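# Structure assessment
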Amino acid sequence: MTDRHPAPETPVNRQRLMFLAISGYLIASFLWRAATPTHEYAMRDELYLTMGLDLLMVAGLIGLKMRMAGGKSRSRSPSSPGSASSRFA
């Protein structure tokens, strides 16, 4: 019998895991805040702090998404067969 070891974690897998964890946290915190009655909100300073942290997490999500998509080019060159310039030329 062979002893199969799981593949070592690559940076892409870690980035994807981090992306999913931050996304899950932001969704859960949004749902929690939407379900919390208004009179139970925290102090104003704490609200500002959590809004700032949420904005930083959204910026981090955007950065992670850009880094994960960095190796995948979605744009076509003008000379590619499926581009509009070659269809009408």
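Notes on the structure follow. (Residues numbered from 1 in each chain as written. Predicted model: local features only at pLDDT ≥ 70, side-chain atom pairs only at ≥ 80, totals over all residues. Heavy atoms only, no water.)

### As for the packing of aromatic side chains
Considering all chains together, one arrives at zero aromatic pairs under this definition. If you follow Lys-65 out to its NZ or CZ, it ends over the ring of Phe-19, 5.6 Å from the centre. (Phe/Tyr/Trp six-rings, centres within 6.5 Å; stacked < 30°, edge-to-face > 60°. Lys NZ or Arg CZ within 6 Å of the ring centre and 35° of its normal.)

### Here we look at helix α1 (residues 11-35)
For α1, spanning 25 residues, the distance from its first C-alpha to its last is 36 Å, which sits close to the expected 36 Å at 1.5 Å a residue. Taken together, the buried residues of α1 touch α2 (44-68). (Helix = DSSP H or I, 4+ residues; strand = E, 2+ residues; numbered from the N terminus. Expected span 1.5 Å × (residues − 1). Contact = heavy atoms within 4.5 Å.)

### Notes on the nonpolar core
If you look at the biggest cluster of nonpolar residues, it comprises six residues: Phe-19, Ile-22, Leu-26, Leu-61, Leu-64 and Met-68. Of all the secondary structure elements, the ones that give two or more residues to this core are α1 and α2. Setting aside chain neighbours within four positions, we find Leu-64 in contact with Gln-15, Met-18, Phe-19 and Ile-22. (Core = buried A, V, L, I, M, F, W, Y, C linked by side-chain atoms within 4.5 Å. Buried < 20%, exposed > 50% of the residue type's maximum accessible area, 1.4 Å probe, protein only.)

### Some details on the packing of α1 against α2
Close contact between α1 and α2 brings their axes to 10 Å; oriented N to C, the two are set at 150 degrees. On the basis of the axis angle, α1 is roughly antiparallel to α2. Every pair of crossing elements has a handedness; the one defined by α1 and α2 is left-handed. Residues Gln-15, Arg-16, Met-18, Phe-19, Ile-22, Ser-23, Tyr-25, Leu-26 and Arg-33 of α1 pack against Thr-50, Asp-54, Met-57, Val-58, Leu-61, Leu-64, Lys-65, Arg-67 and Met-68 of α2. Residues belonging to the contact of α1 with α2 are distributed by class as follows: ten nonpolar, three polar and five charged. (Axes fitted to C-alpha atoms, helices over the stretch in contact; angles between N-to-C directions. Parallel < 35°, antiparallel > 145°, perpendicular 65-115°, else oblique. Left-handed = near helix turned anticlockwise from the far one by under 90°. Nonpolar A, V, L, I, M, F, W, Y, C, P; charged D, E, K, R; others polar.)

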